[in-house]
Amino acid sequence: MSILTIKYCLDPVLRKKCAPVENIDGDLVTLSADMIETMYAAPGSGLAANQVGISSRIIVVDIGAGTDKPNPVTIINPEITASEDKILGEEGCLSIPEIFAEVKRAKRIEIKGVDLNGKDVRYETEDHVARAFQHEMDHLNGKLFWDMMSKIKRDILKRKFKKILKEVQKK
Ligand SMILES: [Zn+2]
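Presented here is a report on the structure given in the accompanying data block. Everything numeric here is computed off the predicted structure, so don't read it as measured data. (Residues numbered from 1 in each chain as written. Predicted model: local features only at pLDDT ≥ 70, side-chain atom pairs only at ≥ 80, totals over all residues.)

### Focus: the overall build of the chain
When you go through the chain residue by residue, the secondary structure sums to 3 helices and 5 strands. Listing every helix and strand of the chain by position from the N terminus yields α-β-β-β-β-β-α-α. In terms of overall dimensions, the chain is globule-like: its C-alpha atoms have a radius of gyration of 15 Å, near the 16 Å expected for 171 residues. For the chain, the spread of C-alpha atoms along the principal axes amounts to about 45 × 35 × 35 Å. Burial analysis of the chain (171 residues in total) assigns 32% to the buried set. In the chain, the proportion of contacts linking residues at least 24 apart, taken out of those at least 6 apart, comes to 63%. (Helix = DSSP H or I, 4+ residues; strand = E, 2+ residues; numbered from the N terminus. Rg over C-alpha atoms; globule rule 2.2 N^0.38 Å. Buried ≥ 20, exposed ≤ 12 C-beta atoms within 10 Å, placed from the backbone. Contact = placed C-beta atoms within 7 Å.)

### Here's the deal with the nonpolar core
With 34 residues, the main nonpolar core has M35, A49, I59, V60, V61 and F133 as its most contacted residues. The set of elements that each furnish at least two residues to this core consists of α1 (26-41), β1 (46-48), β2 (58-62), β3 (72-93), β4 (96-114) and α2 (127-140). Here this core takes 6 residues from α2, the largest share from any one element. Non-local contacts of V60, meaning those with residues more than four positions away in its chain, are made with S32, M35, I36, M39, G46, L47, P72, V73 and T74. (Core = buried A, V, L, I, M, F, W, Y, C linked by C-beta atoms within 7 Å.)

### Regarding unusual backbone geometry
Between A42 and P43 the backbone carries a cis peptide bond, its omega angle lying at -5°. Within the secondary structure layout, P43 lies in the loop between α1 and β1. Positive phi is not limited to glycine here, since N77 has a value of about 50°. C-beta crowding within 10 Å serves as the criterion here: with 17 such atoms nearby, N77 is assigned to the partly exposed category. The phi dihedral of D127 is positive, around 50°, even though this residue is not glycine. In this structure D127 comes out as partly exposed when scored by C-beta crowding, with 14 C-beta atoms within 10 Å.

### Notes on the pairing of strand β5 (residues 120-126)
Along a regular strand, successive side chains alternate from one face of the sheet to the other. Alignment of β4 against β5, held across 7 bridges, turns out to be antiparallel. Its bridge partner lying in β5, G113 is registered against V121. Hairpin connection between β4 and β5: a loop of 5 residues separates the two successive antiparallel strands, and G118 in this loop has a positive phi of roughly 80°. (Pairing = 2+ DSSP bridges.)

### Quick look at the sheet that holds β1
Judged by pairing direction, the sheet is antiparallel, and its 5 strands sit side by side in the order β1-β2-β3-β4-β5 without closing on themselves. Here the strands that pair on one side only, and so sit at the sheet edges, are β1 and β5. Averaged over all adjacent pairs, the angle separating strand axes in this sheet is 40°, with direction ignored. Contacts from α1 reach β1, β2 and β3 within the one sheet, and its direction differs from that of β2 by about 40°. (Axes fitted to C-alpha atoms, helices over the stretch in contact; angles between N-to-C directions.)

### Quick word on the environment of Q169
Among the structural elements, Q169 can be located in helix α3 (residues 151-170). Using a count of 8 C-beta atoms within 10 Å as the deciding quantity, one classes Q169 as exposed. Considering only alpha carbons, one finds Q169 and E22, 147 residues apart in sequence, at a separation of 37 Å.

Have a look at this one:
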């Protein structure tokens, strides 16, 4: 397993809609393991394949996040099939380091897809984990969490991010 480089938000790969996975092979199994390792190393509780430069519909989320039992799951070709209630909560993104903002998301969701064995999977989640799934789904569709904010707010965060990026690149 290896830790992959996480792409920053200005990378065009994060603005492209990811393509559905047609078949599950050894490379995909390796990618999933590497994504999980990369997610925990960051540290974060979710990661989409395009965040490591692969424009395919694969996400990993720690459904045990917030508990003392980590439980990383991989979902291929995920779809949110139901959502309920809206809730504001603080959100960050591994592609936009050190920037956090309040984002309104569904409180509860149902998500479906297939696992690495090609078997149908379905998760009903709420709060933090539901938020992580919605955030990663947005990535697959080329969206970033600040797209949901007003332009003024987004521009402030973007300026802040560019400053942080300069500091990171100086190191
Ligand atoms: Zn993100």
